[in-house]
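# A closer look at the structure
Letter by letter, the chains look like this.
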Amino acid sequence: MSYILAIESSCDDTSAAVMHDDCMLSNVIASQKVHEQYGGVVPELASRAHQQNILPVVDTALRQAGIDKSQLDAVAFTRGPGLLGSLLVGVSFAKGFAQALGIPLIEVNHLQAHVLSHFIRTDSSSTTPSFPFLCLLVSGGHTQIILLRSHFEMEILGQTIDDAAGEAIDKAAKIMDLGYPGGPVIDRLAREGNPDAFTFATPNIKGYDYSFSGIKTSFLYYLRDRLAEQPDFIEVHKADLCASIQKCIMEFLLKKFEKAALANRISQVAIAGGVSANSYLRNGLQRIADKHHWKAFIPPFTFCTDNAAMVGIAGYYKYLRHEYADISLPPFTN
Ligand code: KG4
Ligand code: ZN
């Protein structure tokens with residue numbers, strides 16, 4: 001039996017969680033609103049906000065879990081990839097905390113953590129995937145089709161060769177002046193729109209790889225031409241544009257993912273990462289799972305975007321293997 005404190009600070013969310021084995025006791029997330037006015041994450045501001053948030057977030061996570069820090073068995077932290085200044089805050093805090101308590105440190109890869117979020121138990125009825133299963137990891141920084149044979153045996157079958165899916169959505173939102181992050185706004189506006197109103201071409205990329213920079217460019221050029229004829233084109237067609245670009249990106253993601261699952265004779269499929277909060281993608285995954293009689297794992301919203309519980313579950317599986325990190329370990333950005 002173990003109690004693990006987990007810390008996540010790779011981008012613009014400061015988060016701390018307490019795990020009791022694979023059960024989540026608390027998962028506190030402080031999101032940073034400061035970046036909205038800049039249309040993207042400002043690294044310098046992110047690290048300063050982490051510095052302010054980390055102590056209250058950890059304190060709240062321990063209180064909500066109802067345990068004292070003396071009961072902790074290990075501290076897990078996100079080592080990377082992420083923004084260096086942001087990571088340094090979490091990594092340094094974790095090291096100091098573990099050292100002061102005389103307990104082991106566990107380093108966690110942020111991407112593995114997103115995928116392993118499917119194993120977090122929130123109550124006794126939680127069902128988790130069995131191996132092998134295929135996971136589509138889609139976030140602001142990554143787009144990968146990952147085949148999992150065990151908790152730590154992950155094979156990347158395909159990935160983006162340029163922009164990440166979340167980045168493409170955020171850029172489409174920026175073109176329409178919808179603010180940052182654009183994903184949730186596009187998702188919301190798309191509900192009122194017609195997904196077949198406009199079509200945007202998707203590229204032909206070999207194997208299970210993706211590319212999103214062409215979709216973004218064709219969206220940009222299409223709007224530039226329409227705006228020249230009708231200055232309020234975006235305003236008038238906003239919902240249809242959101243629904244159409246969302247469908248284009250999500251169908252592209254789903255089509256390759258389905259192909260990869262069929263080729264690898266997979267019957268359990270999952271999505272993870274910030275973009276897995278998208279309603280079209282969630283419904284789409286369920287749709288293809290139903291079609292092939294697969295079991296779909298769609299994460300609760302709190303486990304889609306960055307959170308420490310996913311770091312905690314990855315940390316727990318490493319704890320079972322006594323995979324501890326050295327105090328001198330630096331963060332990594334890529
Ligand atoms: O995993 P995440 O929180 O951070 C990274 O590790 O990148 O993902 C953030 C990304 C952003 O691009 C954001 O726009 C996108 O996830 N996102 C969404 C939705 N919610 C967040 N994209 C589409 N639909 C959503 N509902
Ligand atoms: Zn992430």
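Basis of the calculations
Residues numbered from 1 in each chain as written. Chains lettered and ligands numbered in written order. Predicted model: local features only at pLDDT ≥ 70, side-chain atom pairs only at ≥ 80, totals over all residues. Heavy atoms only, no water. Axes fitted to C-alpha atoms, helices over the stretch in contact; angles between N-to-C directions. Helix = DSSP H or I, 4+ residues; strand = E, 2+ residues; numbered from the N terminus. Parallel < 35°, antiparallel > 145°, perpendicular 65-115°, else oblique. Left-handed = near helix turned anticlockwise from the far one by under 90°. Contact = heavy atoms within 4.5 Å. Domains from an automatic or database assignment. Salt bridge = Lys/Arg side-chain N within 4 Å of Asp/Glu carboxyl O. Polar contact = N/O pair within 3.5 Å; in protein donor to acceptor, adjacent residues only side chain to side chain. Expected span 1.5 Å × (residues − 1). Buried < 20%, exposed > 50% of the residue type's maximum accessible area, 1.4 Å probe, protein only.

## Observations regarding the packing of helix 5 (residues 182–190) against helix 7 (residues 233–263)
Where helix 5 contacts helix 7, the axes come no closer than 8 Å and their chain directions differ by 115°. On the basis of the axis angle, helix 5 is roughly perpendicular to helix 7. You can see that helix 5 and helix 7 cross each other, and the crossing is left-handed. Residues I186, D187, L189 and A190 of helix 5 touch helix 7, and the partners they reach there are K238, A239, C242, A243, I245 and Q246.

## A few points about the domain arrangement of the protein
One can read the domain layout of the protein as domain 1 (3–122 + 304–320) and domain 2 (133–299). Distance between the C-alpha centres of domain 1 and domain 2: 27 Å. The partner domain 2 presents 23 residues to the 17 residues of domain 1 that form the contact. Run the count over domain 1 and domain 2 and you get zero salt bridges. At the surface where domain 1 touches domain 2, the tally comes to three residue pairs in polar contact (both at pLDDT 80 or more). Elements represented by at least two residues in the side of domain 1 that touches domain 2 include exactly helix 3 (110–116) and helix 9 (309–320). The element best represented in the side of domain 1 that touches domain 2 is helix 3, accounting for five residues.

## Considering helix 8 (residues 279–292)
Residue pairs three or four apart in sequence face the same way in an α-helix, which turns once every 3.6 residues. Spanning 14 residues, helix 8 covers 20 Å between terminal C-alpha atoms, matching the ideal 20 Å at 1.5 Å per step. Along helix 8, the positions that sit buried rather than exposed are Y280, L281, R282, G284, L285, I288 and A289. Packed against the buried residues of helix 8 are strand 6 (133–138), helix 7, strand 9 (268–272) and strand 10 (295–297). Near the N-terminus of helix 8, the side chain that reaches the backbone nitrogen of Y280, with its oxygen 3.0 Å away, is that of N278. The positive-phi residue at the C-terminal boundary of helix 8 is H293, with phi of around 60°.

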